[in-house]
Amino acid sequence: MKIQLTDAEAEKVYQILGEDFFKQLDAQQRRKRNVIMVAIIAAPIIAGLTIYFVLKTFLP
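Notes on the structure follow.

About the thresholds
Residues numbered from 1 in each chain as written. Predicted model: local features only at pLDDT ≥ 70, side-chain atom pairs only at ≥ 80, totals over all residues. Heavy atoms only, no water. Helix = DSSP H or I, 4+ residues; strand = E, 2+ residues; numbered from the N terminus. Rg over C-alpha atoms; globule rule 2.2 N^0.38 Å. Buried < 20%, exposed > 50% of the residue type's maximum accessible area, 1.4 Å probe, protein only. Areas by Shrake-Rupley, 256 points an atom, 1.4 Å probe, with all protein chains shown as cover. Lys, Arg positive; Asp, Glu negative; His and termini not counted. Charge placed at Lys NZ, Arg CZ, Asp CG, Glu CD. Phe/Tyr/Trp six-rings, centres within 6.5 Å; stacked < 30°, edge-to-face > 60°. Patch = residues over 30% accessible without salt bridge, like charges linked within 9 Å, V, L, I, M, F, W, Y side chains within 5 Å. Salt bridge = Lys/Arg side-chain N within 4 Å of Asp/Glu carboxyl O.

Within the chain, the secondary structure is distributed over 2 helices and 0 strands. Here the chain has a C-alpha radius of gyration of 22 Å; the compact-globule value for 60 residues is 10 Å, and the former is much larger. Principal-axis analysis of the C-alpha atoms places the extent of the chain at approximately 70 × 25 × 10 Å. Residues classed as buried in the chain amount to 0% of the 60 residues present. Carbon and sulfur atoms form 67% of the exposed surface of the chain, whose accessible area is close to 6,000 Å². Between the averaged position of the 8 positive side-chain charges in the chain and that of its 6 negative side-chain charges there is a distance of 16 Å.

Next up on the list: the packing of aromatic side chains. If you walk through the whole model with that rule in mind, you get 3 aromatic pairs. Measuring from ring centre to ring centre gives 5.2 Å for phenylalanine 21 and phenylalanine 22, while their planes differ by 85°; the resulting arrangement is edge-to-face. According to the relative accessible area criterion, phenylalanine 22 is partly exposed, its value standing at 29%. Here the aromatic rings of tyrosine 52 and phenylalanine 53 are separated by 5.1 Å at their centres, their planes lie at 70°, and the arrangement is edge-to-face.

Together, Ile36, Met37, Ile40, Ile41, Ile45, Leu49, Tyr52 and Phe53 make up a nonpolar patch on the protein surface, roughly 820 Å² of accessible area in all. Topologically, isoleucine 40 is positioned in helix 2 (residues 19–58). On the basis of relative accessible area, isoleucine 40 is assigned to the exposed category, the value being 53%.

Under the counting rule described, the total for this entry stands at 2 salt bridges. For arginine 30, the salt bridge is made with aspartate 26, and the minimal N-O distance between the two is 2.8 Å. With arginine 30 and aspartate 26 both in helix 2 and 4 residues apart, this pair spans about one turn of that helix.

Structure below.
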């Protein structure tokens, strides 16, 4: 659930939590996106290679 804050409330939250908190949150979100993108790219490649080597091993 998202909560809409007024500008004054948002400024107060920012002051309480500090700039470092939001920098760490942004970095964490970027890492999460990177991991998801790598998984999306790597999963089909790994699956394809696995199928290829299994078929190559068991079929003449």
